[in-house]
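Coordinate inspection notes
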Amino acid sequence: MKNKMQNKIFNPLLNETFLIRPTNDFKGSIIRPSDYTHPTHALRYADGKWLPDDGQPDLAFVQGVIYYGVKIPDYTNRLWEWSDAELTKSFLPKYLHKHAGSWHYYTINNTPYDDEQYRWDNSNHPNKIAEELASKKVCELNGCGNGVIADIDRECNFDHPKWISNKMIIIKSTMQPLTKPDNPICYLCLNNGRGHLLKALRDYKENLEYEIEDYDNQISKAQSDIYDWERNKQKSLELLDNATKELRDLEEVKE
């Protein structure tokens, strides 16, 4: 696959095509065991021919109401990401702990992971095409389906199966298993976690702004309620005055 990106920040892995095999390793997953035993036979992508699964690795598969594919990142500068909330907290004062993000990002040249200038059109990537066709195929066969997607740039502790740790993703050009980067460094962790601190402070500031806006709304509503209550009170006072006079006049009438 040729890289047509003008941007020089480009993860070379995005030029590769990846192969996988279906797996039933879903401990703790929402996928149900019955999903694997659906009568539909397993199919292999085979360049869109959808041949019966013969045990060979491929870009995508359909197995019962499950489809398998490989997710291609939307940003060209991302190399690896992982979750570690405790590491983030270690850089922050305690009052910011509840704003501590758990995600860490290893990027090319320590560029911001979500900078829009690094977003690219991956719609023509072979794995992206295969994933979308697998989604359509499973729905065509069953009317519905669940996707099991292998990420090439992350593997969270709660993810099942462990695609990369278990060497379940194969780089097609070399037929070697995909491995995570050695000693990935989060760009937010640099300079004693300055990036995490900035992000937490921004989130904290934004949260305070939302709180102040909410308080202003509540004050405004309370002031409106107070106006209504005062008006209702005045009306009740007038009714009470009339009732008092009426009662006094009635009591003064002699039998």
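The preceding data block contains the structure.
This report concerns the structure included in the present document. Quick caveat, the model's predicted, so the values are computed rather than measured. (Residues numbered from 1 in each chain as written. Predicted model: local features only at pLDDT ≥ 70, side-chain atom pairs only at ≥ 80, totals over all residues. Heavy atoms only, no water.)

Observations concerning the overall build of the protein chain
Tallying secondary structure elements over the protein chain gives 3 helices and 10 strands in all. Moving toward the C terminus, one meets the helices and strands of the protein chain in the order β-β-β-β-β-β-α-β-α-β-β-β-α. For the protein chain, the proportion of its 255 residues judged to be buried stands at 34%. Counted over contacts in the protein chain with a minimum sequence separation of 6, partners at least 24 positions apart contribute 71%. Approximately 16200 Å² of the protein chain is accessible, and the part contributed by carbon and sulfur atoms is 50%. (Helix = DSSP H or I, 4+ residues; strand = E, 2+ residues; numbered from the N terminus. Buried < 20%, exposed > 50% of the residue type's maximum accessible area, 1.4 Å probe, protein only. Contact = heavy atoms within 4.5 Å. Areas by Shrake-Rupley, 256 points an atom, 1.4 Å probe, with all protein chains shown as cover.)

Some points on the state of the cysteines
Evaluated as defined, the whole model comprises 0 disulfides. Of all cysteine sulfurs in the structure, the one in Cys 189 sits closest to Cys 186, which takes part in no disulfide; the separation is 3.7 Å. The buried category is assigned to Cys 186, whose relative accessible area is 2%. (Disulfide = S-S within 2.5 Å.)

Some details on the nonpolar core
Phe 18, Ile 20 and Ile 169 are the most contacted members of the largest nonpolar core, which totals 27 residues. When contributions to this core are tallied by element, the ones reaching two or more residues are strand E5 (66-71), strand E6 (78-83) and strand E8 (146-151). Ranked by residue count, the leading element in this core is E5, at 3 residues. Among residues more than four places away in sequence, those in contact with Ile 169 are Phe 18, Leu 19, Ile 20, Ala 150, Asp 151, Trp 163, Ile 164, Gln 176, Pro 177 and Leu 178. If you look at the next biggest cluster of nonpolar residues, it comprises 12 residues, including Leu 19, Tyr 45, Leu 59 and Ala 130. (Core = buried A, V, L, I, M, F, W, Y, C linked by side-chain atoms within 4.5 Å.)

Looking at the sheet that holds strand E4 (residues 61-63)
Taken in spatial order, the 5 strands make up an open sheet running E3-E2-E4-E5-E8, and their pairing is mixed. Of all the strands in the sheet, just strand E3 (51-52) and E8 have a single pairing partner and so form its edges. Here strand E2 (residues 43-44) runs beside E4; their pairing, made up of 2 bridges, is antiparallel. Residue pairing across strands places Leu 43 opposite Val 62, the latter belonging to E4. The strands that helix H2 (residues 126-142) touches are E2, E4, E5 and E8; relative to E5, the one it contacts most, it runs at about 170°. (Pairing = 2+ DSSP bridges. Axes fitted to C-alpha atoms, helices over the stretch in contact; angles between N-to-C directions.)

Structural notes on the pattern of salt bridges
Here the structure, examined in full by the defined rule, presents 14 salt bridges. A salt bridge links Glu 81 to Arg 78, with the nearest nitrogen and oxygen atoms 3.7 Å apart. Of the two residues, Glu 81 and Arg 78, both sit in the buried class. Its salt-bridge partner being Lys 205, residue Glu 209 comes within 2.5 Å of it at the nearest N-O pair. Pair noted here: Glu 209 and Lys 205 are both in helix H3 (residues 190-252), with a separation of 4 residues, about one helical turn. A relative accessible area of 40% places Glu 209 in the partly exposed class. (Salt bridge = Lys/Arg side-chain N within 4 Å of Asp/Glu carboxyl O.)

Observations concerning the packing of aromatic side chains
Following the criterion strictly, the structure yields 4 aromatic pairs and no others. With a centroid separation of 5.2 Å and 70° between ring planes, the pair formed by Tyr 95 and Tyr 204 is classed as edge-to-face. Of the two residues, Tyr 95 is situated in the loop between helix H1 (85-89) and strand E7 (103-107) and Tyr 204 in helix H3; the sequence distance between them amounts to 109 residues. Residue Tyr 95 is classed as partly exposed on the basis of its relative accessible area, which comes to 47%. By relative accessible area, which is 27% here, Tyr 204 ends up partly exposed. Pairing Tyr 105 with Tyr 113 gives two aromatic rings, centres 3.7 Å apart and planes at 5°, and the pair type is stacked. Using a relative accessible area of 10% as the deciding quantity, one classes Tyr 105 as buried. (Phe/Tyr/Trp six-rings, centres within 6.5 Å; stacked < 30°, edge-to-face > 60°.)

Structural notes on the sheet that holds strand E10 (residues 176-177)
Ordered in space as E1-E9-E10, the 3 strands form an open sheet in which the pairing is antiparallel. At either end of the open sheet lies a strand with only one pairing partner, and these are strand E1 (18-19) and E10.

With respect to the environment of Thr 23
Among the secondary structure elements, Thr 23 is positioned in the loop between E1 and E2. Take Thr 23: its relative accessible area is 12%, and that puts it in the buried class. If near-sequence neighbours (up to four positions away) are discounted, Thr 23 is found in contact with Tyr 68, Pro 161, Trp 163 and Met 168.

A short note on a negative patch on the surface
Where like charges cluster on the molecular surface, the negative patch consists of Glu 211, Glu 213, Asp 214 and Asp 216. Its location among the elements puts Asp 216 in helix H3. (Patch = residues over 30% accessible without salt bridge, like charges linked within 9 Å, V, L, I, M, F, W, Y side chains within 5 Å. Lys, Arg positive; Asp, Glu negative; His and termini not counted. Charge placed at Lys NZ, Arg CZ, Asp CG, Glu CD.)

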